[in-house]
Structures are given as structure tokens and as C-alpha cells.
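Below are the chains, spelled out letter by letter.
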Amino acid sequence: MKYIYFLIFYLSSTIIFAQNTFTIKGKVTDAVTHDPIPFAAVSLKNTTLGKNTDFEGNFILQLSSLASDSLLISCMGYTNKTVFIRRDSLTQTINVQLKPSEILLHEVKVYAGENPAWAIIRKAVAAKSENNYKKISAFDYKSYNKIEVDINNITDKLRKRKIAQKVDKAIEKIGTLTDEEGKALVPTFISESVSHYYFRNDPRLSKEIIEKTNIKGIGVTDGSLTAQLIGSTFQQYNFYVNQVEVLSKNFASPIADDWRLIYDYYLADSTFFGDDFCYKIEFTPKRKQDLAFAGSIWITKDSWAIAQIDAAITKDANLNFVERIKIQQEAEPVDKIWIPVKNRILVDVAEITKGSAGMLLKFTNYNEDIVINKPKDVKFYDRGIEIALDYRENDKKYWQSVRPEPFTESEQMAYTMIDTIKNIPTIKTYTEIAKILSSGYTRLFTGIELGPLVYSGAYNNIEGVRMRLGLRTNYEFSKKWVLEGYLAYGTKDDEVKWGAEITKIFSRKPWTTLSLKLTHDIEQVGLRKEDLGLGAIYSAYMRFFTLMRPYYENENKIQFQREVSKGVFTSFGFRTRSFDPLYPFEYRLQPALGESSPLTTRFQTSEFLSEITLARDELAVINDNERLSFGTIKSPTITFRYILGAKNLLNSDFTYHNLMAKYSHTLNLGYFGKTYYRAEAGAILGTVPYPLLKSHLGNETIFIIGNSFNLMNNFEFISDRYFSFRYTHDFEGLLFNRFPLIKKLKWRTFTTGKFLVGTLTDKNYDITPERTENNFRNFSGLDKRPYIELGYGISNIFKFLRVEAMHRLTYLEKPDIRKFGVKFSAEISL
């Protein structure tokens, strides 16, 4: 009987206790993006009872009593929100949206002694080398990645346009995506991928194998290039380094070595993160315009590692076209090394012009099955990004099984909307125009493309009106063969020019090709495309107006290219070229005879070509039938080239050796900006006329040309041995961010320097005869003095204009030179 009484009492007390337990759960999301807000504080108002949301923005509160009738939800970077809770309901679900706001640090009361947050940050900085997961020998993990791009901030004026009305009409049956204020969101791209990411520290190499992709986009196909760009390779954010690269800009980490110069800190809370006790520290930049973050960081007490971080970049920072950027990261310990397992990145792009729309880019990344300190063989990393043969996956059940979080209703709606929008005829037209502008080619019919369109026409003093038609095949024609060709005609010289090239792709892994090229066209001394190293637009511009020392050239070239290993790219070939000048030019056939030597105007060369490029951590992808390089991550790029000219081989007129070495690198100086520098040295050994020597690129235009000496006249200096060094240092907003009236303009300062030393041996100078009437020797070499240019300027004027003032410091005694100049260029950057 006592047992029955005890059982009745126990069950009754349990029921009574259960009846007094209140469960409040829900989700906190961003009112603009609808993304979850992790690490937000959810508490009973005017009490200390509460919890933080998890990475998905979810929270659960279990309370024995309700000491308040409201919940207070707060998170740095958002406006606090209070919501009513019911006392007559034991279980409630409350979903909350927070509006983004200006990021402000808590009010700090100053007492005697040190800011308590500093001691914690100081220990975290001291422990960086031990906690940096990219300092261990190796790691790898399985990765799920999701990317979504939406158009937002669509104005009423924009909605009245025909294209917007057609989009609205097409999707009205599907539904409408809006933010909290009721403004429409139009999805344009959404992708998912499953991959395996590998990292090795010594040597520093990485590789990602894209296993599965699911891509929906307007103007984007689930092709191999897109598949290579949506993995985790491009979403690596490591806060243990001093500078975190975001959208090609460097932002100071909150635990950078120079943290006290950059940030203010506030010790906001302490809590357990799983079994680990953590300090929550809030941080903001001392100057809003600096390239720095604002947000919260959770640092573990035992190892001083980063357990969580919520970092934002606001529109006050010296950035263009960006409303805000948020990076949210959660880490987990693997054998005491905290490795990021969840990442969420938001980029809110502002309206570029008044009346245009904005854009939201959202990246989500989950990592699991982490393995550390088991490096693969170096050869395994030869190709940075690979895609599986069966990477395309459209099975809905598969994606439902691999998603860490199920798709929300809005995400499911986005998939349907994209399929509908991209089939609207007007959208198809705009999409095709965008492709033409980005690639320079337009699809003529299956497998054949027309272009590059930038070379289609020109006007100059030799050809008059130049018209050009070019074609090439693409991967639809063949994945092993690429055919290219063009025809050009000048109305003044009445000459047909042409070019043809065929390339055989032997292998994509490693990249291996063999090409044969034949051309007959007009070139300019020192301005061939390989000499300039500039883009297509500038190369096309050089065919307008007055051509500089033009000549007809016939070129026949065979070339073999191979990526020998990761970061090692080689090229070997043979070519013949003819030189038929269209300007006054002569050289001595027998220089040893001096004035008695016969003269001629034309020559031919036969050359053996070899080149090797070293770029250890180069990031390259294969785009259908071409290899695209995104440059190196940290290492320099080093190039060696050797050309052997063989006399009498296929009627070649000269024997010579042409050697060149080039070194380019970027130095990240953190708080003080970035330095881009390049050094080049070369020597031409042999006796040859000046068109075969190094013609240093001058610039007599009003525009800044990066590869030129901007105050040097065209053909002012020619060398057969030379060394050049040039640098540009971008201070970003370091200087102007300190001036109250100027910092809002977001101007940026920079300095430049260009140095050149060289010689022109007598034999290569004397091979050109001196004739007063034709002035054949209208060039000279440098003496023992270096040529020096120094410059300084302001960039980001009106968000696109760059102005540089430059001084020429040497060779000022020469006639018709400019000692000082101001030049301009247009550039669009963040």
C-alpha cells in the first residue's frame, strides 16, 4: 500500500511539475535576407534567463515559471526586438525577424585597470600559431555548399519597366518572395554541391573534388566551369591570420597582431559552448571607414581558440557598392584543433546607379567527417579543382538526404521561379548580351562562335577602315580539337589579312595541348600582344589612329604546352617570322663592313621557343576547352623564357639568344595596405636590328597604362640587356579615413615607382645606318644612369576614376620629354 501511495504521489508531483514547465521555441532570422541569425541572445525581458540561438537560428527555452510576459531578442548589428509571450500556454513557437542596424559597441564604463577583454584577446593572439588549423600538417573533410543570388531593393520605377512587368506576370502564379518590409526578391541563381576538400601545409597545397552539383540559374548552365566555382575552395575564411581576404580585399582579423591599433573590445558574456567555457567579446573598428570587421567572437578559456565568430562589414567601410557583408562561422574541436564546420556568408550589394536594383549573395557551407594530420602525396594536389565524371545530380531524394538543413519554403519557391524566369524571351536576349560582353564571343550556331567582337573594326593611317571577322569552335564541336580563324581587310592598303590556328587537347589532367598557328597581318614594333602583356581592349585600341612602326608579318608557329605538376607550367615551340616594314627602315647585311655594308629592309627569323612558369599555389580551372588561371594565393609567379634564333634555318637571317626572367608578387602589409611589384631582366645576345631587341614601352597618351613607363616617349629607349622594377602601393583608405570631411568620399591613396637600367651595345646600334633624311636611328640606349619615374595619386574618385601625378627624375636633358604629368584611368573595384 505504501508503494501505491508513493507511486501516486510521484506521478502527481511529476504532472504538477510538468504543468508548470513552459517551453518556448522558435527561429530568429534576418528580415532582409531571411537567413538564420546564429548566436543571437534570446531571454526573458528584465531577467538573466535565456539562451543563444544555434547556427541555424533556432532556440528552445524551458522555464519553470514565466517572470516576464515578453522575450527580448538581441544581436550585434541588428535592432533589438521585444515579442509578447502567452502565460496560458505551456508550449509556444515564436519566430522572430530582426532588422539590420548600425553596429554599436556597448557603452563602456572606464574603471582603473585594464579593459578585461584585452587580456583575453592578448592570449588569443599569442595562441594563434597553435590554434591555426592551417598550420597542422594536413586536413580534409566532406563539404556541402549552397549559394543563392537574389535581386532586391527593386524600386517602383524599375518595376514599371517592361522587362520587370514580364517577370512579375510570369511568376505571379508561383508566389512572391519578399523581405519584412514587403519588398520583392527575385531569385536568379541557386546551387548546391557536395565535395571533398583536402589541404596540405608543407608544401602549402589544396585540392577539392566536386562530387555532385545541382545548379539553377538565369544565364548559367550546370557546366564544368560553374561546377568548379561553387565548392568550398572559394569560401575559405581563416581568422587566425592577420588579414582575412574577402572579395579580393583584406580585412584585419579581430585577433590580428596589431589588434589594439584597429579595434575596440567589450567583454559581453561568458558561457559554455558544448563542454567548453567561452568568453564572448564584442568588437568594432576604431574608425568606421577602415577595412575591419564588427561583431562578436567566442574564445575558449582552455586553449584560447575561436569557437564562434559573427563578423560584419558595414557600408561605412571604404568599400564600393556594398551595403554589408556578414561572415558567421562555427568551429568544433578535432583532437584539440578547432576547425570551422559551419560557415555562412552574406554579401548585400547596393544599387550601383540610382534607380537600379541591389543584389543579395548568400553562401552556406557545412563540413563533416574531418580528418587531420594525414597528408596525401604531393602529386595528389596537382590539380586544384576536379569534378567527377557524374557530377550532375538532379535527383531530389539525393539532395534531401545530404542537406544539413531542409530547404525552406522560399528556397523551394526560388527553384521554380528561376526555371520560369530564364525561359522568358526578353530574359534570354539580355542573357545572351551579357555572355557576349563577358566572353567577347557570340554563338553563331552549334559548335561555332563569332568573335572576339572587340577586334571587329578599327581605323588607322595604314589600313584605313579595318574590318575583321573571326570564328572559333567550342566544346560542342569537339572536346579535343579547337579551330580558330579570322579574315581582315583594310580599305586603304587593299590587303587581306588572315589567321588560322588548330589546337589538339591531349589531356585535361594534366593540361596538355599542341597547337599550329599561321598568320599574315600588320604588327607594330614592340607592340605585339606577347610584348604588351595587356588585355584585349588595349590591344584592340592599339590598332586605331596612327600605327607606330608598322610592318607586315607572316608567322608560322607550332607550340606544345603542358602543366608538368602543380604550379609548374611549361611551353616549347618553334616559329618563323618575316618582317616587311611599312615605315622607313634599313639595316646592314654585313655590320663588320661598316659604311660599306649593303643595306636591306626585310628579314626573316627562325626561333626555338621555351618557357617555364612557376606559381606554386596557383588556382586554375578548366573552362570547356581552355585553362583559366586566377593567379596565386600567396606565392610569387616566376617566369623564365629562352628563345634561340637559328641563322640559315628556313632562310633565317640571324643567330641570337633571347633570355628573360620575370618575378611578380603581392605583399600584404595589413594595416598599411598592399604592395604589388614586378621585376624583369633580359638579354639579347647576338647582332640583330632593333625590331628584335627590347623596345621599352612608352606612353604618350593621357591614360595610365600599367605596363608602360608613363612619361617615356614611344621608342625612346631600346636595350639588348636590361633590368626593370616597378611597384604600386595601395594605402586603401589609410590616410583619407582620418579626415572628417573627406572620409565619406571613400577616396584612396597610392604611390608608384618605375625603374629601368639597360644597355645597347655598339654592334646592335651600328647595324642600323645613320641617314639624316630618313632618321633611321631615331632611338637610343640608356647610359649608366637608371630611368626613374615616381608617382602618387588618388583612386576611387566617383567610385571609378584613378588620377596619378607622376615625375620623371632622370634623362631630363633629352628634347621633347615630359618632366611631370597627370594621367587618368577608369577602374571599377570594391
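Position labels on residues start from 1 in each chain and follow its written sequence. Where totals are concerned, whole chains, interfaces and linings use all residues; where local detail is concerned, this predicted model gives features only for residues with pLDDT of at least 70, and gives and counts side-chain atom pairs only at 80 or more. Hydrogen atoms and water are omitted, and side-chain values are computed over all heavy atoms in the structure.

Novice: Any chance you could explain the overall build of the chain here in plain terms?
Specialist: A count of helices and strands for the chain gives 13 helices and 46 strands. Projected onto its principal axes, the C-alpha positions of the chain cover 135 × 65 × 55 Å. Every one of the 830 residues in the chain was classed for burial, and the buried ones make up 50%. Once local pairs closer than 6 in sequence are excluded, the contacts in the chain between residues at least 24 apart make up 63%. For the area figures, the Shrake-Rupley method with a 1.4 Å probe applies, and any residue is considered shielded solely by the protein chains shown. For the chain, the computed accessible surface area is about 40500 Å², with 57% contributed by carbon and sulfur atoms. Charge counting treats Lys and Arg as positive and Asp and Glu as negative, with His and both chain ends excluded. We put the charge of a Lys on NZ, of an Arg on CZ, of an Asp on CG and of a Glu on CD. The chain carries 109 positive and 96 negative side-chain charges, and their two centres are separated by 1 Å. Working definition: helices are DSSP H or I runs of at least four residues, strands are E runs of at least two. Numbering for both runs from the N terminus. Partly exposed describes any residue whose relative accessible area lies between the buried limit of under 20% and the exposed limit of over 50%, with all areas from a 1.4 Å probe on protein chains only and scaled to the type maximum. Residues count as neighbours in contact if any of their non-hydrogen atoms are within 4.5 Å of one another.

Novice: Sorry, what's going on with unusual backbone geometry here?
Specialist: Note: most peptide bonds trans; most residues except glycine with negative phi. Going from aspartate 202 to proline 203, the amide bond is cis rather than trans, its omega being -5 degrees. By secondary structure assignment, the location of proline 203 is in the loop between strand E11 (184-200) and strand E12 (205-217). A positive phi is found at phenylalanine 545, a non-glycine position, where the angle reads about 65 degrees. Mapping phenylalanine 545 onto the fold places it in the loop between helix H12 (536-541) and strand E30 (550-565).

Novice: Just to check I follow, could you spell out the packing of helix H5 (residues 162-171) against helix H10 (residues 425-439) for this structure?
Specialist: Packed helix pairs are specified by the crossing angle of their axes together with the interaxial distance, meaning the distance between the axes. Between H5 and H10, the least distance of the axes is 9 Å, while the angle of their chain directions is 125 degrees. In terms of orientation, H5 and H10 fall into the oblique class. In contact with Ile163, Lys166 and Val167 of H5, H10 contributes Thr426, Ile427 and Tyr430. Residues are grouped as follows: nonpolar covers Ala, Val, Leu, Ile, Met, Phe, Trp, Tyr, Cys and Pro; charged covers Asp, Glu, Lys and Arg; every other residue, Gly included, is treated as polar. Counted by class, the contact of H5 with H10 contains four nonpolar, one polar and one charged residues. Each axis is a line fitted through C-alpha atoms, taken for helices only over the stretch in contact, and angles between the N-to-C directions span 0 to 180 degrees. Any angle that falls under 35 degrees is termed roughly parallel, while one over 145 is termed roughly antiparallel, one within 65 to 115 roughly perpendicular, and all others oblique.

Novice: Even after reading the chapter, I still don't get the pairing of strand E9 (residues 138-152), so can you show me in this structure?
Specialist: Side-chain positions along a regular strand alternate between the two faces of the sheet. Of all 15 residues that make up E9, 13 are buried, and the element is covered over most of its length. Bridging between E9 and E11 involves 14 bridges; their strand directions are antiparallel. Directly across from asparagine 145, in E11, lies its bridge partner serine 193. Pairs of strands are assigned from DSSP output, requiring at least two bridges between the strands.

Novice: I would appreciate a short explanation of the pairing of E30 in the present structure.
Specialist: Of the strand pairs in this sheet, strand E29 (residues 511-524) and E30 are connected by 13 bridges, and their pairing is antiparallel. The partner of threonine 519 across the bridge, within E30, is glutamate 555. Sheet topology note: the E30/strand E31 (residues 568-581) ladder contains 12 bridges and is antiparallel. What sits directly across from glutamate 563, in E31, is phenylalanine 569.

Novice: Before we go on, may I ask you to explain the confidence of the model for the chain in this structure?
Specialist: A low pLDDT score tells you not to read the predicted coordinates there in detail. When pLDDT is averaged along the chain, the result is 87, and 94% of the positions lie at 70 or above. For the stretch residues 1-19, pLDDT sits under 50, and the model shows two contacts to residues farther than four places along the chain or on other chains. Confidence scores here are pLDDT values: one per residue, from the predictor, ranging 0 to 100.

Novice: When you look at the sheet that holds strand E3 (residues 50-52) in this model, what are you seeing that I'm missing?
Specialist: Two orientations exist for strands paired in a sheet by backbone hydrogen bonds: parallel and antiparallel. Pairing is antiparallel across the open sheet formed by four strands, whose spatial order is E3-E2-E5-E6. Of all the strands in the sheet, just E3 and strand E6 (81-84) have a single pairing partner and so form its edges. Adjacent strand axes in the sheet meet at a mean angle of 20 degrees, parallel and antiparallel pairs treated alike. Sheet analysis places strand E2 (residues 41-44) next to E3, joined by three bridges and oriented antiparallel. Counted as the bridge partner of serine 43 is glycine 50 from E3.

Novice: What am I meant to see in empty space enclosed by the protein here?
Specialist: Over the atoms, a rolling probe the size of a water molecule traces out where space has been left empty. Only protein atoms enter the 1 Å grid, on which a cavity is a set of points fitting a 1.4 Å probe that cannot get out and a pocket is an open set with protein on both sides within 12 Å along at least 5 of 7 lines, lining residues being those with an atom within 4 Å of a point. Grid points are joined across faces, edges and corners, and a volume is the space filled by probe spheres set on the points. For the structure on display, the rule yields seven cavities of 30 Å³ or more. For the largest cavity, the lining is made up of 13 residues, of which Arg383, Gly384, Glu563, Ala620 and Arg627 are closest to its centre. Taken as a whole, the second largest cavity holds about 80 Å³ of empty space. If you trace the second largest cavity, you find it lined by Tyr133, Tyr141, Ser232, Gln235, Gln236, Tyr237, Gln329, Pro340, Asn343, Asn365 and Asn367. The set of elements that each furnish at least two residues to the lining of the second largest cavity consists of strand E20 (337-349) and strand E21 (358-372).

Novice: Please explain the packing of H5 against helix H9 (residues 409-421) as it appears in this structure.
Specialist: Where H5 meets H9, the axes come as close as 10 Å, and the angle between the chain directions of the two elements is 125 degrees. With respect to H9, the element H5 is oriented oblique. The handedness of the crossing between H5 and H9 comes out as right-handed. Along its contact with H5, which presents Val167, Ala170 and Ile171, the element H9 presents Met417, Thr420 and Ile421. Its residues assigned to classes, the contact of H5 with H9 shows five nonpolar, one polar and no charged. Left-handed describes a crossing whose near helix is turned anticlockwise from the far helix by less than a right angle; the clockwise case is right-handed.

Novice: Got a minute to help me understand the packing of aromatic side chains in this structure?
Specialist: How two aromatic rings sit relative to each other is given by the distance of their centres and the angle of their planes. In this analysis, rings of Phe, Tyr and Trp, with Trp reduced to its six-membered ring, are considered paired at centre separations within 6.5 Å, and the interplanar angle assigns stacked below 30 degrees, edge-to-face beyond 60, and tilted for intermediate values. This structure, assessed with the given rule, holds 43 aromatic pairs. Centroid distance tryptophan 259 to tyrosine 265: 5.6 Å. Interplanar angle 70 degrees. Geometry classified as edge-to-face. Tyrosine 265 carries the same exposure label as tryptophan 259, and that label is buried. Ring geometry for tyrosine 690 against phenylalanine 779: centres 4.6 Å apart, planes inclined by 45 degrees, an arrangement best described as tilted. Taken together, the positions of tyrosine 690 in the loop between strand E39 (674-685) and strand E40 (694-695) and phenylalanine 779 in the loop between helix H13 (762-766) and strand E44 (787-797) put the pair 89 residues apart, joining distant regions of the chain.

Novice: Which parts of the structure should I look at to understand helix H2 (residues 116-126)?
Specialist: Given 3.6 residues to a turn, an α-helix orients residues that are three or four positions apart in the same direction. Among the residues making up H2, those that are buried are Ala117, Ile120, Ile121, Ala124 and Val125. Burial along H2 is one-sided: seen end-on, the buried residues are contained in an arc of 135 degrees. Looking at the buried residues of H2, the elements they touch are helix H3 (128-131), helix H7 (259-262), strand E15 (263-273), strand E16 (276-285) and strand E17 (294-300). This arc is taken over the directions from the axis of the helix to the C-beta atoms.

Novice: Sorry, what's going on with the pattern of salt bridges here?
Specialist: Where charged atoms from two side chains of opposite charge approach closely, those side chains can pair. Only one rule defines a salt bridge in this text: a Lys or Arg side-chain nitrogen within 4 Å of an Asp or Glu carboxyl oxygen. According to the stated counting rule, one finds 46 salt bridges in the structure shown. Where arginine 466 meets aspartate 521, a salt bridge forms, and the shortest distance between an N and an O atom there is 3.0 Å. You can see arginine 466 sitting in strand E26 (residues 464-473) and its partner aspartate 521 sitting in strand E29, a full 55 residues away along the chain. With a relative accessible area of 3%, arginine 466 lands in the buried category. Assessed through its relative accessible area of 5%, aspartate 521 is described here as buried. Through salt bridges with shared partners, a single network forms among Glu463, Arg466, Asp493, Lys497, Asp521 and Arg543.

Novice: Hey, could you run me through the environment of glutamate 393 in this one?
Specialist: Secondary-structure assignment places glutamate 393 in the loop between strand E22 (385-387) and helix H8 (396-402). For glutamate 393, a relative accessible area of 16% puts it in the buried group. Each C-alpha atom of the pair glutamate 393 and isoleucine 215 lies 9.1 Å from the other, and the pair is 178 residues apart in sequence. Excluding anything up to four places from it in sequence, glutamate 393 contacts Lys212, Thr213, Asn214, Tyr398 and Trp399.

Novice: Before we go on, may I ask you to explain the environment of alanine 615 in this structure?
Specialist: Residue position: alanine 615 is located in the loop between strand E34 (603-614) and strand E35 (618-623). Separated by 165 residues in the primary sequence, alanine 615 and leucine 450 place their C-alpha atoms 33 Å from one another. Alanine 615 has contacts with Gly567, Thr632, Ser635, Pro636 and Thr637, leaving out every residue within four places of it along the chain.

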